Amino acid sequence: MTLDPQLAYARRMDRADGLAHYRKRFHGADDDLVYFDGNSLGRPPVAAIERMQRFMTHDWGGRLIRGWDEAWLQLPVEIGDRIGRAVIEAKAGQTVIGDSTTVLLYKLARAAVDAQLARDPERREIVVDTDNFPTDRYVLEGIAAERGLHLRWIHVDTSLGVTPAQLAAAVGPQTALVVVSHVAYRSAYLADAPELTRIAHDAGALILWDLCHSAGSVPVKADAWGFDLAVGCTYKYLNGGPGSPAFAYVRDDLQSILRQPIQGWFGTTDQFDMGPGYEPVRGIRRFLSGTSPILAMLPMDETLAMIEEAGIAAIRAKSVALTSFAIELHEHLLAPLGVTLASPADPAERGGHVTLHHDAMREVTARLWQRDVIPDYRDPGGLRIGLSPLSTSFEEVHRGLDATRECLREVIAERAGLG
Ligand SMILES: *Cc1c(COP(=O)(O)O)cnc(C)c1O
């Protein structure tokens, strides 16, 4: 029997893949389980397991409270700078590891609208799209209520995202802040970040980029593209582990202008003077609030080392090849069963995942999970296939989509039987 041509292609791609050797540096990546959710929770780096053990016994267990002075107080800016170098092309001193993405979004967005209102009381609008990530929308809703501001909604196609024309039509002299996701969590639409940033700036607005679904998978040039503010997750493509703290980027010339609302001792001038009033420290540290989650920021450091070594350009090239292969398999295996593509077909407009639509996908996902094929499901009817370039193989993509076809056939057959 001749080999299925798509499977033969997958094996050829794996043999030619210059990043293939990274797979064994992730715990469990070499077993039969198909993991399509590295965009929600990346696999653990093997080196992080050893690092955590060493940290527990040597750093925490041995150095005890001395660890803060010896290393830990610097870790949020050291790892932040490493994200700046390896992931978002930001020069040192502008990126810091802090709280969850949600809390950092709140701190930066509140600081931004307050600075804008102080400059011009007419800037009372925040622009955001209807399909931005829920937490972003909820945080902005809260800030608007606190400050008496208005949210201007851009209504987007859920298979796409915010286009330059849509943003240009939404901003004006009333805009304080624009909040956009670089890669849309549902469709994987890759926003034109330099262009949207320019449009926001031309209107006198600040822009806050949510990089959760791009950090570690899509190139970002925070400095060159003129970003004001950005936040991003570290437990997705940066493999920081469940609940690992997020990063914040604040362009250096904005740092002294912005005053963040959660005034805590980790962001003050002389933290251990324990002074009578809050005095924000100069620089990116002022965006910190309370005691840094040191344990939770260690694993990501191991992924950052791999990203520095591999280079984000090679990672993006593999990401495009993986998503393109998934779409090709979809056309062969799933489209004949009525599945449609709910992500951009053009790789230049697509991030690191692919969403496939069919009204049976909720049931299909449940069946796939039972068979150790792990995509995720997003309403309405979206099967989301996240392809983490350092830990996913082409053969894995083939195995997963083949299983998807089988499960979908079963569900369709059962529905027909019931009908
Ligand atoms: C995953 C994700 C978040 C998550 O925020 P948390 O505070 O970490 O829960 C926020 N925004 C986007 C776009 C995401 O994809």
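In this text the structure is predicted, and so the values were computed from the model without any measurement.

## Overview of the side chain of Thr 175
Next up, step 1: Position of Thr 175 among the secondary structure elements: in strand 5 (residues 175-181).
Next up, step 2: In terms of polar contacts, Thr 175 uses its side chain to reach the backbone amide nitrogen of Gly 172, at 2.9 Å.
Next up, step 3: In this structure, Thr 175 is in contact with Gln 116, Arg 123, Glu 125, Val 127, Ala 170, Gly 204 and Ala 205, ignoring residues within four places of it in sequence.

## Remarks on the site of the ligand
Next up, step 1: Close to the ligand lie 13 residues, the nearest being Thr 102, Asp 210, His 213, Tyr 235 and Lys 236.
Next up, step 2: Residue His 213 places a side-chain N or O atom 3.2 Å away from an oxygen atom belonging to the ligand.
Next up, step 3: Surface burial for the ligand is 87%, taken as the share of its 390 Å² of free accessible area covered by protein chains.
Next up, step 4: Those elements that place two or more of their residues in the shell around the ligand are helix 5 (101-119) and helix 6 (134-147).
Next up, step 5: When its residues are assigned to classes, the shell around the ligand shows four nonpolar, six polar and three charged.

## Topic: the domain arrangement of the chain
Next up, step 1: Partitioning the chain into domains gives domain 1 (5-47 + 311-415) and domain 2 (71-307).
Next up, step 2: A straight line from the C-alpha centre of domain 1 to that of domain 2 covers 29 Å.
Next up, step 3: Facing the 34 residues of domain 1 at the interface are 28 residues of domain 2.
Next up, step 4: Here domain 1 and domain 2 share an interface that buries about 2,500 Å² over both sides, 60% of which is from carbon and sulfur atoms.
Next up, step 5: Counting across the domain 1 and domain 2 interface gives zero salt bridges.
Next up, step 6: Summed over the shared surface of domain 1 and domain 2, the result is 14 residue pairs in polar contact (both at pLDDT 80 or more).
Next up, step 7: Listed by contribution, the elements that provide at least two residues to the side of domain 1 that touches domain 2 are helix 11 (312-334) and strand 10 (353-357).
Next up, step 8: Examining the composition of the side of domain 1 that touches domain 2, we find that four residues originate from one element, helix 11, more than from any other.
Next up, step 9: Residue composition of the side of domain 1 that touches domain 2, grouped by class: 14 nonpolar, twelve polar and eight charged.

## Focus: the sheet that holds strand 10
Next up, step 1: Taken in spatial order, the four strands line up as 9-10-13-12 in an open sheet, and their pairing is antiparallel. Two strands close off the open sheet at either side, each with one partner strand: strand 9 (340-341) and strand 12 (376-378).
Next up, step 2: With five bridges joining them, strand 10 and strand 13 (residues 382-386) adopt antiparallel strand pairing. Residue pairing across strands places Thr 355 opposite Arg 384, the latter belonging to strand 13.
Next up, step 3: Of the strands in this sheet, strand 9 and strand 10 are in contact with helix 11, which crosses strand 10 at around 20°.

## So, the sheet that holds strand 7 (residues 229-232)
Next up, step 1: Pairing within the open sheet is mixed, and its seven strands lie in the order 2-8-7-6-5-3-4. Edge strands, defined here as strands with exactly one partner in the open sheet, are strand 2 (95-97) and strand 4 (150-154). Geometrically, the sheet is characterised by an average inter-axis angle of 20° between neighbouring strands, direction not taken into account.
Next up, step 2: Pairing of strand 7 with strand 8 (residues 247-250) involves four bridges; the strand directions are antiparallel. In the strand pairing of strand 8, Val 231 is matched with Ala 248.
Next up, step 3: Each of strand 3 (125-129), strand 4, strand 5 and strand 6 (206-210) is contacted by helix 6, which is oriented at about 165° to strand 3, the strand it contacts most.

## Regarding the side chain of His 398
Next up, step 1: The residue His 398 is located in helix 13 (residues 394-418) in this model.
Next up, step 2: Apart from the residues lying within four places of it in its own chain, the contact partners of His 398 are Asp 4, Gln 6, Leu 7, Ala 10, Phe 325 and Leu 329.

## Description of the pattern of salt bridges
Next up, step 1: Inspection of every chain in the model, using the stated rule, returns 34 salt bridges.
Next up, step 2: For the salt bridge of Glu 89 with Lys 221, the shortest nitrogen-to-oxygen distance reads 3.3 Å. Highlighted residues: Glu 89 in the loop between helix 4 (75-88) and strand 2 and Lys 221 in the loop between strand 6 and strand 7, separated in sequence by 132 residues.
Next up, step 3: A relative accessible area of 39% means that Glu 89 is categorised as partly exposed.
Next up, step 4: A salt bridge links Glu 125 to Arg 152; the nearest nitrogen and oxygen atoms lie 2.8 Å apart. Taken as a pair, Glu 125 in strand 3 and Arg 152 in strand 4 lie far apart in primary sequence, 27 residues in all.

## Some remarks on unusual backbone geometry
Next up, step 1: Omega for the bond connecting Asp 379 with Pro 380 falls within 30 degrees of zero, at -10°, which places this linkage in the cis form.
Next up, step 2: For Pro 380, the position within the fold is in the loop between strand 12 and strand 13.
Next up, step 3: Phi is positive for Asn 239, which is not a glycine, with a value near 50°.
Next up, step 4: Along the chain, the position of Asn 239 falls in the loop between strand 7 and strand 8.
Next up, step 5: Judged by its relative accessible area of 3%, Asn 239 is buried.
Next up, step 6: Non-glycine residue Met 274 carries a positive phi angle of around 55°.
Next up, step 7: Within the secondary structure, Met 274 is located in the loop between helix 9 (252-255) and helix 10 (298-310).

Cut-offs and rules
Residues numbered from 1 in each chain as written. Predicted model: local features only at pLDDT ≥ 70, side-chain atom pairs only at ≥ 80, totals over all residues. Heavy atoms only, no water. Helix = DSSP H or I, 4+ residues; strand = E, 2+ residues; numbered from the N terminus. Polar contact = N/O pair within 3.5 Å; in protein donor to acceptor, adjacent residues only side chain to side chain. Contact = heavy atoms within 4.5 Å. Near = heavy atom within 4 Å. Areas by Shrake-Rupley, 256 points an atom, 1.4 Å probe, with all protein chains shown as cover. Nonpolar A, V, L, I, M, F, W, Y, C, P; charged D, E, K, R; others polar. Domains from an automatic or database assignment. Buried area = accessible area lost by both parts, 1.4 Å probe. Salt bridge = Lys/Arg side-chain N within 4 Å of Asp/Glu carboxyl O. Pairing = 2+ DSSP bridges. Axes fitted to C-alpha atoms, helices over the stretch in contact; angles between N-to-C directions. Buried < 20%, exposed > 50% of the residue type's maximum accessible area, 1.4 Å probe, protein only.

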